[in-house]
Amino acid sequence: MHPYNSRENKRKNRNNVLKMLLLYSPISRIELAKRTGLSKMTLTNIMNEFLEEGLVEEREKDQSTTSGRKPIFLSFPSHPLTACGIYLSRRAANGCLLTVAGEMVHRQSIPLSADESVQTLSDKICLLANSLMIEGKNYPLVGIGIGAIGPVDTDQGVLLNPPAFYGIHNFPLISALKKQTKLPVFLDNDMNASALAEMYFGCCKETKDFIYIGVTYGIGAGIVSSGRLLMGEGGVTGEIGHTTMDINGSLCPCGSRGCLELYADAKNTAAYYTAQAKTESSLAYEDVVALALSGDSLAREALFRQFRYLGAAITNLANLFDPGCIILGHEIAAAGSFAQEEIAKYAASKMLSSAYRDTPLRISSFGADAPLVGAGALVFHRLFQ
C-alpha cells in the first residue's frame, strides 16, 4: 500500500474510533469494535496510541451486585479534549468551554448593543474567545466552534446577510478569530450546531434521521439525514422561518410576504401578546410564556397562535423528510411540555407517516442552550470527520 494511503487510512480509523467514543463513552472494547467495524488488532493499536497520548483512559465499571472480574471500559480522562463554543445570536455573543465528554465546564456572555458595527462585533467576539482560552488554560483546547444566526458561508467562514442584524453583512468571522487565537476555527449556523448537540450529546445518538427546529428571534432547522447534516449546494438549508405561510401576508425583512417567522418566532409572538393586551410595555417571549403557564388567557392565546403555525410548518417538514423524530429548542424550550403537547396536537395527525407510526416531538435536551453546546460540538464533529 502506498504510504499516503496507509497514513490516510490510519487517520480515518483514529477519527472513527474518536467519534464512537464521543457518542458512546464509556464503552467496552467489544462494543467499540462492533460500532467501528475495525479488526481487533487495528483497534488495539489505536487504543494503545490513545492511552499513551492521554486521549482516553481505562476504568472498571462498577458491578457491585455481581461477582467476578469487573469489565474494563474506555472513557475520556478528567481533563479531556476541550473546545471553545461561541453562539452568536441577535442579542448576545455567548461562550462556553465544552469537553469531549459533553460537559460544559465554563460559560459567559457579552451582550450586543443597538449600535453594533463590524468593528465592535469583531472586538467582542475576540474578547470572548480570549477570555474562554484563559479560563481553559488547564484543558487541552483543540479549537473554536461558532454557531451563528444564518445564513453563513461555512467554507469561507463568513456571516452573510442575516435579516435585522445591525446592517452587518459579509462579516469574516473565522479570519478574525484565527489571527487572534491561532486555533482551528469552525463555523456553521446555530440550527446545524444545535442538531450536532443532539446527535453527539443529546437524545438523538441512536437516531439517523431527525430535524432540530429552533424557535428564537427567528426560526430555522438543522436537518440530519442518514446520520449526516443536510448542507445543500450552498450550505444554507433549513431556513424554514422564511417559508411562506400566507402569500398575501405582511412583508418580511427577507423581502418575501407571509413568512413563518412573522407569526411564530419569539419576537413576533411577544409582539402579538402586547398588541392583544393593549399595553405600551413590551415583554420578552420568556415573560409571555411565564404568564401563559400561570393561566393568563391572552398569553395562552398568543402561544396557541404560535403553536398552530409551528404545527403547520412541522407537518410540512415531516411530510418532506420523514424524520425519526423532531426536536424543539432555542427560546421555545422555555414553554417545555406545554409547547410539546400542544404543537403535537396540531401536527401529529396531519403527518402522512401518522398512518403507520408515531414521529416523536421532543424538547431539546439542552433547552435554550442547544446552540451553545452545539458550537462546541461543531469542533469535535469537524475534527473527527
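Residues numbered from 1 in each chain as written. Predicted model: local features only at pLDDT ≥ 70, side-chain atom pairs only at ≥ 80, totals over all residues. Heavy atoms only, no water.

Asker: How do you make sense of the layout of surface pockets when you look at a structure like this?
Answerer: In this approach a probe as big as a water molecule rolls over the atoms, and the regions it shows empty are the leftover space. Each pocket or cavity is described by its volume, and for the largest pocket that value is around 510 Å³. Around the largest pocket, the lining comprises 33 residues; the ones closest to its centre are Arg-90, Ile-149, Asp-190, Met-191 and Thr-216. Those elements giving two or more residues to the lining of the largest pocket turn out to be α6 (190–200), β13 (218–225) and α12 (370–383). The element contributing the most residues to the lining of the largest pocket is β13, with four residues. Looking at the lining of the largest pocket, its residues break down into twelve nonpolar, twelve polar and nine charged. Of the voids in this model, the second largest pocket is the one considered here, and its volume is about 280 Å³. Looking at the second largest pocket, it is lined by 13 residues, and the ones nearest its centre are Arg-90, Ala-164, Tyr-217, Asp-265 and Lys-267. Contributing elements (two or more residues each) for the lining of the second largest pocket: α7 (261–264) and α8 (266–277). Class assignment of the residues belonging to the lining of the second largest pocket gives a composition of six nonpolar, two polar and five charged. (1 Å grid on protein atoms, 1.4 Å probe; cavity = no way out; pocket = protein on both sides within 12 Å on 5 of 7 lines; lining within 4 Å. Points joined across faces, edges and corners; volume = space filled by probe spheres on them. Helix = DSSP H or I, 4+ residues; strand = E, 2+ residues; numbered from the N terminus. Nonpolar A, V, L, I, M, F, W, Y, C, P; charged D, E, K, R; others polar.)

Asker: How should I be thinking about helix α9 (residues 285–293) in this particular structure?
Answerer: Since there are 3.6 residues in each turn of an α-helix, residues three or four apart along the chain are aligned in direction. Looking only at α9, the buried set comprises Tyr-285, Val-288, Val-289 and Ala-292. With its buried residues spanning 100° around the axis, α9 presents them on a single face. Contact partners of the buried residues in α9: α8, α10 (297–321) and α11 (336–347). A positive backbone phi angle near 105° is found at Gly-295, which sits one or two residues after α9. (Buried < 20%, exposed > 50% of the residue type's maximum accessible area, 1.4 Å probe, protein only. Arc of directions from axis to C-beta. Contact = heavy atoms within 4.5 Å.)

Asker: Sorry if this is basic, but what is going on with the sheet that holds strand β14 (residues 228–229) here?
Answerer: Strand pairing within a sheet occurs via backbone hydrogen bonds; the two strands may be parallel or antiparallel. Here we have five strands laid out as an open sheet, ordered β14-β13-β12-β15-β16, and mixed in their pairing. Across the chains shown, the open sheet's two edge strands, defined by having one partner strand only, are β14 and β16 (361–363). In this sheet, β16 lies alongside strand β15 (residues 325–329) in parallel orientation, the contact comprising three bridges. For Ile-327, the partnering residue across the bridge sits in β16 and is Arg-362. α10 contacts β12 (210–216), β13, β15 and β16 of the sheet and is inclined by roughly 155° relative to β12. (Pairing = 2+ DSSP bridges. Axes fitted to C-alpha atoms, helices over the stretch in contact; angles between N-to-C directions.)

Asker: Could you clarify how one ought to interpret the packing of aromatic side chains in this entry?
Answerer: Two aromatic rings, taken as a pair, are described by how far apart their centres are and by the angle between their planes. In this structure the tally under the stated criterion is six aromatic pairs. With 5.5 Å between their ring centres and 75° between their planes, Phe-307 and Phe-338 make a pair best called edge-to-face. Residue Phe-307 is found in helix α10, and its partner Phe-338 is found in helix α11; the two are separated by 31 residues along the sequence. Phe-338 carries the same exposure label as Phe-307, and that label is buried. An aromatic cluster of at least three residues, connected via ring pairs, comprises Phe-304, Phe-307 and Phe-338. (Phe/Tyr/Trp six-rings, centres within 6.5 Å; stacked < 30°, edge-to-face > 60°.)

Asker: Would you explain the sheet that holds strand β4 (residues 82–88) in this entry?
Answerer: Pairing is mixed across the open sheet formed by five strands, whose spatial order is β6-β5-β4-β7-β11. Here the strands that pair on one side only, and so sit at the sheet edges, are β6 (104–111) and β11 (185–189). In this sheet, neighbouring strand axes are inclined to one another by 20° on average, regardless of whether the strands run parallel or antiparallel. Two strands pair when backbone bridges link them, and strand β5 (residues 92–99) and β6 are joined in this way by seven bridges, in the antiparallel orientation. Bridged to Leu-98 within β6 is Met-104. Contacts from α6 reach β4, β7 (141–148) and β11, with the element oriented near 105° to β11. Of the strands in this sheet, β4, β5, β6, β7 and β11 are in contact with α12, which crosses β4 at around 130°.

Asker: How do you make sense of the nonpolar core when you look at a structure like this?
Answerer: Buried together is how nonpolar side chains tend to be arranged in soluble globular proteins. Counting residues in each nonpolar core, the largest one holds 48 residues, and the members touching the most others are Val-17, Phe-50 and Phe-380. Of all the secondary-structure elements, those providing two or more residues to this core are α1 (3–24), α3 (40–53), β4, β5, α6, β12, β15 and α12. Aside from chain neighbours lying at most four places away, what touches Phe-50 is Arg-14, Val-17, Leu-18, Leu-21, Leu-55 and Val-56. The next biggest cluster of nonpolar side chains, apart from the first, holds 36 residues, and it includes Phe-307, Leu-310, Ala-318 and Ile-332. (Core = buried A, V, L, I, M, F, W, Y, C linked by side-chain atoms within 4.5 Å.)

Asker: What is the right way to look at the pattern of salt bridges in this model?
Answerer: When their charged atoms lie close together, side chains carrying opposite charge are able to pair. Here the structure, examined in full by the defined rule, presents 14 salt bridges. A salt bridge links Arg-35 to Glu-206, with the shortest nitrogen-to-oxygen separation between them at 3.3 Å. Of this pair, Arg-35 sits in helix α2 (residues 29–36) while Glu-206 sits in the loop between α6 and β12; the two residues are 171 residues apart in sequence, bridging distant segments of the chain. Taking the shortest distance from any N to any O, the salt bridge between Glu-116 and Lys-124 comes out at 2.9 Å. Since its relative accessible area comes to 5%, Glu-116 is described here as buried. Take Lys-124: its relative accessible area is 19%, and that puts it in the buried class. The structure contains a network of salt bridges with shared partners spanning Lys-10, Arg-14, Glu-49 and Glu-53. (Salt bridge = Lys/Arg side-chain N within 4 Å of Asp/Glu carboxyl O.)

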